[in-house]
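Given next are the chains, with one letter for each unit.
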Amino acid sequence: MNVTLRQLQVFESVARHLSFTRAAEELYLTQPAVSMQIKQLEQQVGLPLFEQLGKRIYLTEAGEEVRRYAQRISAELRDLGDGLEALRGLNSGRLRLTVASTANYFATDLLAAFTRRQPGITFQLEVTNREGVIRRIQDNEMDLAVMGRPPEGLDVAAEPFMPNPLVVVASPEHALADGSFVPLERLQEEVFVLREPGSGTRNAVQRMLEDRGLHLRGGLEMTSNEAIKQSVQANLGLGVVSIHTVALELELGRLQVLNVEGFPLEREWYLVHRAGKRLSPAAEAFRRFILDEAHQHWQLPEIPGAVPSEGARLQAVN
Ligand code: PGA
């Protein structure tokens, strides 16, 4: 069987997305080029690897088998790359970093500070929500991840390095934005602009409220913190966001932090990698930099007004 690594890479991408179009986008190829690689691979294997039912494609049994091997081969190749990088040392190297969408507000500043110190190291930064970060860890497709809470049921090393308080924000026009204390139950009467399912921020808020037997009224749902901030500024509803995302809007007076019972919801940012993974020198240098120095290069925005006593704070079980 004369199979090329390129064919396996293209196949692995199509199998992961179950879509020729998305694989083409991911690999910066045209769709005919992707189809051609798959056709050639199927000729080599002698069996169809995908079947089409309606508009969707599925892996055949042979496809499942090829996928298992393709994943193993990619993992081996990545390990080979890491091993060679270790031999090259710190003067060069590429770091694959995946961060939760919310962490992107400080990740680039930290990368810039690190790059000034280690100019030979280059980065591939992927920004996705919590669910996406967990998938990347599962698939071993990154060196390090930054996320809000270590994933359960996955064997990972997770090290906290910076606080991540969540706050309730409103337009200054909103009726609750007069600085007075807002009991948690009161939030149930409000419309909220929330992140999508799969977001760590959304999970944390839901878990906190469910622990108190409370639910937020269904409101608007958005996949980006920027969209949430715009909507809250337009007074479409209240938002719950990490303080990292709203520093500028608070400074400019476009948003206001509400004094809600149990908030700020105390969380932490974690640096995560698969347990037992041999970190390349570049990844290890970045890890040490984050754990030892992140706080020097990124200042946590101040939370105006809302400073509840320790006892009044609900412990985040997020
Ligand atoms: P998110 O994740 O950007 O998916 O909300 C951040 C977090 O886990 O706190």
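Relevant structure appears above.
This section reports on the structure supplied with the text. Keep in mind that what you see is a predicted model, and the values were worked out from it rather than measured. Positions within a chain are numbered from 1, following the residues in the order the chain's sequence is written. It should be noted that, the model being predicted, local features are given only for residues of pLDDT at least 70 and side-chain atom pairs only at 80 or more, the latter also being counted only at that level, while totals for whole chains, interfaces and linings use all residues. Computation of side-chain values: all heavy atoms of the structure, hydrogens and water removed.

1. As for the site of the ligand
Point 1. Near residues are defined by distance, with any heavy atom within 4 Å of the molecule or strand qualifying the residue. Around the ligand, the surrounding shell holds 13 residues, and the nearest of these are Thr-102, Arg-130, Ser-199, Thr-201 and Arg-267.
Point 2. One nitrogen or oxygen atom from the side chain of Arg-195 is found 3.2 Å from an oxygen atom belonging to the ligand.
Point 3. All accessibility values rest on the Shrake-Rupley procedure with a 1.4 Å probe; residue burial counts only the protein chains present in the view. The protein chains hide 100% of the 280 Å² of surface that the ligand would expose on its own.
Point 4. Taken together, the residues that form the shell around the ligand break down as two nonpolar, eight polar and three charged.
Point 5. The source of the domain bounds is an automatic or database domain assignment. Split by domain, the shell around the ligand shows at least three residues from each of two domains, domain 2 (76-163 + 268-297) and domain 3 (166-267 + 302-317). Pairs of N or O atoms are called polar contacts if they sit within 3.5 Å, as long as, within protein, a hydrogen donor faces a hydrogen acceptor (for residues adjacent in sequence, only side-chain-to-side-chain pairs). Residues are grouped as follows: Ala, Val, Leu, Ile, Met, Phe, Trp, Tyr, Cys and Pro are nonpolar; Asp, Glu, Lys and Arg are charged; all remaining types, including Gly, are polar.

2. Things to note about the packing of aromatic side chains
Point 1. Stacked, tilted and edge-to-face are the three classes applied to pairs of Phe, Tyr and Trp rings, where Trp contributes its six-membered ring and a pair requires centres within 6.5 Å; stacked means planes under 30 degrees apart, edge-to-face means over 60, and tilted covers the rest. Inspection of the entire model under this criterion finds nine aromatic pairs.
Point 2. Relative to Phe-50, the ring of Phe-11 has its centre 5.6 Å away and its plane inclined at 45°; by these criteria the two rings are tilted. Linking Phe-11 in helix α1 (residues 5-17) with Phe-50 in strand β1 (residues 50-53), this pair joins segments that are 39 residues apart in sequence.
Point 3. Between the aromatic rings of Phe-114 and Phe-289, the centroid separation amounts to 5.3 Å while the plane-to-plane angle is 55°, which identifies the pairing as tilted. A run of DSSP states H or I qualifies as a helix once it reaches four residues; a run of E qualifies as a strand once it reaches two. Both are numbered from the N-terminal end.

3. Let's talk about the pattern of salt bridges
Point 1. Throughout this description, the term salt bridge denotes a Lys or Arg side-chain nitrogen within 4 Å of a carboxyl oxygen of Asp or Glu. Scanning all chains against the criterion turns up 21 salt bridges.
Point 2. Where Glu-293 meets Arg-117, a salt bridge forms, and the shortest distance between an N and an O atom there is 2.7 Å. Placement of Glu-293 in helix α10 (residues 281-297) and of Arg-117 in helix α5 (residues 104-117) is noted, with a sequence separation of 176 residues between them.
Point 3. Only protein chains enter the accessibility calculation, which uses a 1.4 Å probe. A residue is then buried if its area is under 20% of the maximum for its type, exposed if over 50%, and partly exposed in between. Residue classification places Arg-117 among the partly exposed residues on the basis of a relative accessible area of 44%.
Point 4. With a shortest N-O distance of 3.5 Å, Arg-186 and Glu-189 are connected by a salt bridge.
Point 5. Residue Arg-186 is classed as partly exposed on the basis of its relative accessible area, which comes to 25%.

4. Side note on the environment of Leu-110
Point 1. Positionally, Leu-110 belongs in helix α5.
Point 2. Overall, Leu-110 belongs to the buried group, its relative accessible area being 2%.
Point 3. Between the C-alpha atoms of Leu-110 and Phe-181, which are 71 residues apart in sequence, the distance is 35 Å.
Point 4. A contact between two residues is defined here by any heavy atoms of the two lying within 4.5 Å. Once residues within four sequence positions are removed from consideration, Leu-110 is found in contact with Phe-289, Ile-290, Ala-294, His-297 and Trp-298.

5. Structural notes on the sheet that holds strand β4 (residues 121-128)
Point 1. Spatially, β4-β3-β5-β12-β6 is the arrangement adopted by the five strands of the open sheet, whose pairing is mixed. The open sheet has two edge strands, β4 and β6 (156-163), and neither has a second partner. For this sheet the average axis-to-axis angle between neighbouring strands, irrespective of direction, equals 25°.
Point 2. At least two bridges found by DSSP between two strands are what make those strands a pair. Here strand β5 (residues 144-147) pairs with strand β12 (residues 268-274) via three bridges, running antiparallel. Bridging from a neighbouring strand, Ala-145 pairs with Val-272 of β12.
Point 3. Its contacts with the sheet put helix α6 (residues 130-138) on β3 (93-100), β4, β5, β6 and β12, and the angle it makes with β5 is roughly 155°. Here, axes are lines fitted to C-alpha atoms. For helices the fit covers the stretch in contact, and angles between N-to-C directions go from 0 to 180 degrees.

6. Observations regarding the pairing of strand β7 (residues 166-170)
Point 1. Burial runs high along β7: five of the five residues are buried.
Point 2. Inspection of the sheet shows β7 paired to strand β10 (residues 238-242) by four bridges, in the antiparallel sense. Paired with Val-168 across the bridge in β10 is Val-240.

7. Side note on the nonpolar core
Point 1. Nonpolar cores were defined as sets of buried Ala, Val, Leu, Ile, Met, Phe, Trp, Tyr and Cys residues, with membership established by side-chain atoms within 4.5 Å. Counting 36 residues, the largest nonpolar core has Phe-106, Phe-161 and Phe-286 as its most contacted members.
Point 2. For this core, the secondary structure elements donating two or more residues are β3, α5, β4, α6, β5, β6, β12 and α10.
Point 3. Looking at this core element by element, the count peaks at seven residues for α10.
Point 4. Excluding residues that lie within four positions of it along the chain, Phe-286 makes contacts with Leu-95, Leu-97, Leu-111, Phe-114, Phe-123 and Leu-144.
Point 5. If you look at the next biggest cluster of nonpolar residues, it comprises 21 residues, including Met-208, Leu-209, Val-240 and Phe-263.

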